Amino acid sequence: MSEARSVTEPPNLILSPVWDRPRTGTQFLSGDHACAEGALYAGCRFFAGYPITPATEIAERLAERLPEVGGQYIQMEDEIASMIAILGASVTGAKSMTATSGPGFSLMMENLGLAYMMEVPTVVVDVQRGGPSTGLPTTVGQQDMMQARFGPHGDFTSISLSPQSPQEAFNLTIHAFNVAERLRTPVLLMMDEVVGHMHERVVIPPPGEIPLVARPRATVPPEEYHTYRPGPDLVPPMALAGEGYSVLFTGLTHDEDGRPVTTYAAQKVLVPRLRDKILKNRDVYERLGLYKTEDATTLVVAYGITARSARRAVDLGREKGLALGLFRPISVWPFPAEQLRSLKNVTKIVVAEINLGQVVLEVRRIAGPYAEVVHVGNPGGQVISPETILEACMSPRRAKP
Amino acid sequence: MAIANSLQTSHGSRAPIDKPTRHHGTVHVIELRCKECNFCVQFCPEEVLEISDHYTPRGYRPARVKTGKEGDCIACRFCEHVCPDYAIYVVEDSP
Amino acid sequence: MTANAEVALPPELHPYDHLLRSADLPTIWCPGCGIGTAVGALIYGFEQAGVPKEKRVIVGGIGCSSRIVFYAKTDAYHTTHGRTIPFATGLKLCNPSLNVVAFAGDGDLFAIGGNHFIHAARRNMDILVVCINNFNYGMTGGQGGPTTPAGALSTTTPYGNPEFPFNLPNLAWATGATYVARWTTLDVRRLRNTFADVVNRHGFRFVEILTPCPVSFGKTNKIGSGVEEMEYYQALEVLKSRVESTEITKTDIELGKPIVVGTFVDRERETFRERYVRVVAKARGSKS
């Protein structure tokens, strides 16, 4: 019988992160690198991933930076393993993240579903490229938006954020962690190849300036604790591995103790709560960019890199005297429907996105009854130009069939 | 070491070496957990156990100690260790 | 009532009841299934090795074996099919003070999860992987899988299995596991001692447990009930420990042929964690 070797354990910086190597100040960063820095700022100390264009730079940056702050980088054997490794990390209390692009995002659906069901906070970054399948590895797409909304099987509600610049990639990554922790749910950061690869000025504030949110934790003694008993906000406080609670987490339909109860009665309590804890806490995650919408009669709806073309289109249209405005859902899912409906003057909506029609379906569902909803897009491979969007705004109203 | 200790009686004098201590145990069966798998019955080295002739509410005939074999358990605990249902255990009788 | 009175167990309380989610007993496992025996042995291992209760973590996948999480009272995570090992990897890396066991079936660990197994072994991740090998998919009703012996019958190999199975100890040895053992549920004493020996060790440890599956594998292949499958093991078992690397290929399992059991591999190798600790030191030291 061989003796167990004694290994000198360094202090666990993953669970008690120190932030002694911040790279603050004005930097010139790609969206991918800004996302990685945002994760570090948010307290992420565990990253599991698999190389894939155009998200690889996030992994590369974190492979260098995480050891500097005592964190853990691990390159897994595939995206399936990456996605579930970050869940294993999170149940110990660590803030964890993975980053990928379309093909890897498809592989992550299985355990993304597990994260919704087990209520494990984590952040998944998808730097979108053109698809389907291997598609356009090095060029832009926004074709994973419906996969972000509906990808894993079963009913759940996704929170998906979409940045339009490296600076916003930094800020939204922090926001994504805050939301994930607050609501005990995975949060998707839906970037795109252009935002991921473009370099711009990014200002990283000193530690503490952007507030960080911690997950609700178990406070009662173990004998009074129930793994899945929700608080008034529908979020169950979380006991971590190693805290003595003998927690029971499962992907099966379960009762408040995590016991498997595979009945309609249990399902109708659990699954609607998973939906409602997202829908009834909109103030936690909802973010919206509005530009010249006060008097707008024609609205452009766009997110990610397309929102920047759309903003230019609005300016060009305003120069021509058109009452254009930009409605930019930063939290694309759940779609900010009430804010869209509140813009009473709008009679026409142009949804611009680099796909053949995804978020437009939701906009049409919301605004179809009162406004003409037009889609402008392409199948991936290039950014939509401001002129194309402006043209769609100016095209005459279609005759009613 | 353990053998040496077992040969010592509580007051320090040596026990006769030709009279080894025989362990005795009392078998307890938690009938409601028993699924009548027979592992304990089959593999008991002293053949102390048998399947009883009554049924539990779950429809199994639980294991029991054979009549007349109550004193034969040697407390080896194999039944306890092999039972997949935590339905049987042995309490070793104090010598 | 004297202070040192022998604590008398009430008749309904098993010595492990406080280590089990005992209100949820009896288990869902079929009569004659050996998974419960393996679970008991693992609990014994934790106890015997003195692992503090709050440090015990069991990660299960999907299938009969993974139901361990609903009975063993530890921090327990019932994950997705095949994904026990990468979940355990993330968990262990973020809290190395925990004692993490990935416990799943042969289909879970070696069909859908095979890739994760070989990579975790390659990295020498600090986890104990326990495989309940009952030679088929029990939960879904007895389909053939990566460990079904050649020629064996199952619901999806009705004419006899045309495929050859994995030799799991050989696979674990070849991919870098530091400890490899195979026992049957009949070897419960050796199994318990194995767990007591290895739960506290470092590195990637693998224990294969051949387990009766009377309602599927045993019945289909005319081996019979759980007890009869145990007797089948009793008749065919050959104990061989610390086999030479050239010998480990001779631990293949074939229907009706001798089954080699024992501790096959016990070796030292730097773990992922030990190596990564040095990465952290290098990264923190080089840029101050």
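One structure accompanies this document, and this report is about it. Just so we're clear, the structure is a prediction, and the values are computed from it rather than from any experiment.

### Quick notes on the overall build of chain B
Secondary structure assignment for chain B yields 3 helices and 4 strands. Secondary structure elements of chain B, listed N to C terminal, follow the sequence α-β-α-β-β-α-β. A total of 95 residues make up chain B; the buried ones form 37% of that total.

### As for the interface of chain B and chain C
On the side of chain C, 25 residues touch chain B, which itself brings 17 residues to the contact. Every element with two or more residues in the side of chain B that touches chain C is listed here: helix H2 (39–43), helix H3 (78–82) and strand E4 (88–92) of chain B. In terms of residue class, the side of chain B that touches chain C is made up of 9 nonpolar, 4 polar and 4 charged.

### A word on the interface of chain C and chain A
On the side of chain A, 48 residues touch chain C, which itself brings 42 residues to the contact. Within the residue set of the side of chain C that touches chain A, elements represented by two or more residues are strand E2 (75–78), helix H2 (84–94), helix H4 (114–123) and helix H9 (272–286) of chain C. The biggest single contributor to the side of chain C that touches chain A is H2(C), with 8 residues. Counted by class, the side of chain C that touches chain A contains 17 nonpolar, 13 polar and 12 charged residues.

### Some thoughts on the nonpolar core
Core analysis: the largest hydrophobic core is formed by 223 residues, its most contacted members being A:Val125, A:Val300, A:Ile389 and C:Leu91. The leading source of residues in this core is helix H6 (residues 166–183) of chain A, at 9 residues. Two domains each provide a minimum of three residues to this core, namely domain 1 (17–285) and domain 2 (288–394) of chain A. Excluding its chain neighbours within four sequence positions, the residues that come into contact with A:Ile389 are A:Val300, A:Ser309, A:Ala310, A:Ala313, A:Val350, A:Ala352, A:Val376 and A:Ile384.

### Focus on the sheet that holds strand E12 (residues 298–301) of chain A
Residues and elements named next belong to chain A. Spatially, the 5 strands line up as an open sheet ordered E11-E13-E12-E15-E16, and their pairing is mixed. Edge strands, defined here as strands with exactly one partner in the open sheet, are strand E11 (288–291) and strand E16 (372–377). Taken pair by pair, the neighbouring strands of this sheet meet at an average axis angle of 20 degrees, ignoring direction. Across 4 bridges, the pairing between E12 and strand E15 (residues 348–353) is parallel. Paired with Val300 across the two strands is Val350, which belongs to E15. Packing against the sheet, helix H12 (residues 359–367) makes contact with E12, E15 and E16, and its axis sits at approximately 165 degrees to E15.

Procedures and definitions
Residues numbered from 1 in each chain as written. Chains lettered and ligands numbered in written order. Predicted model: local features only at pLDDT ≥ 70, side-chain atom pairs only at ≥ 80, totals over all residues. Helix = DSSP H or I, 4+ residues; strand = E, 2+ residues; numbered from the N terminus. Buried ≥ 20, exposed ≤ 12 C-beta atoms within 10 Å, placed from the backbone. Contact = placed C-beta atoms within 7 Å. Nonpolar A, V, L, I, M, F, W, Y, C, P; charged D, E, K, R; others polar. Core = buried A, V, L, I, M, F, W, Y, C linked by C-beta atoms within 7 Å. Domains from an automatic or database assignment. Pairing = 2+ DSSP bridges. Axes fitted to C-alpha atoms, helices over the stretch in contact; angles between N-to-C directions.

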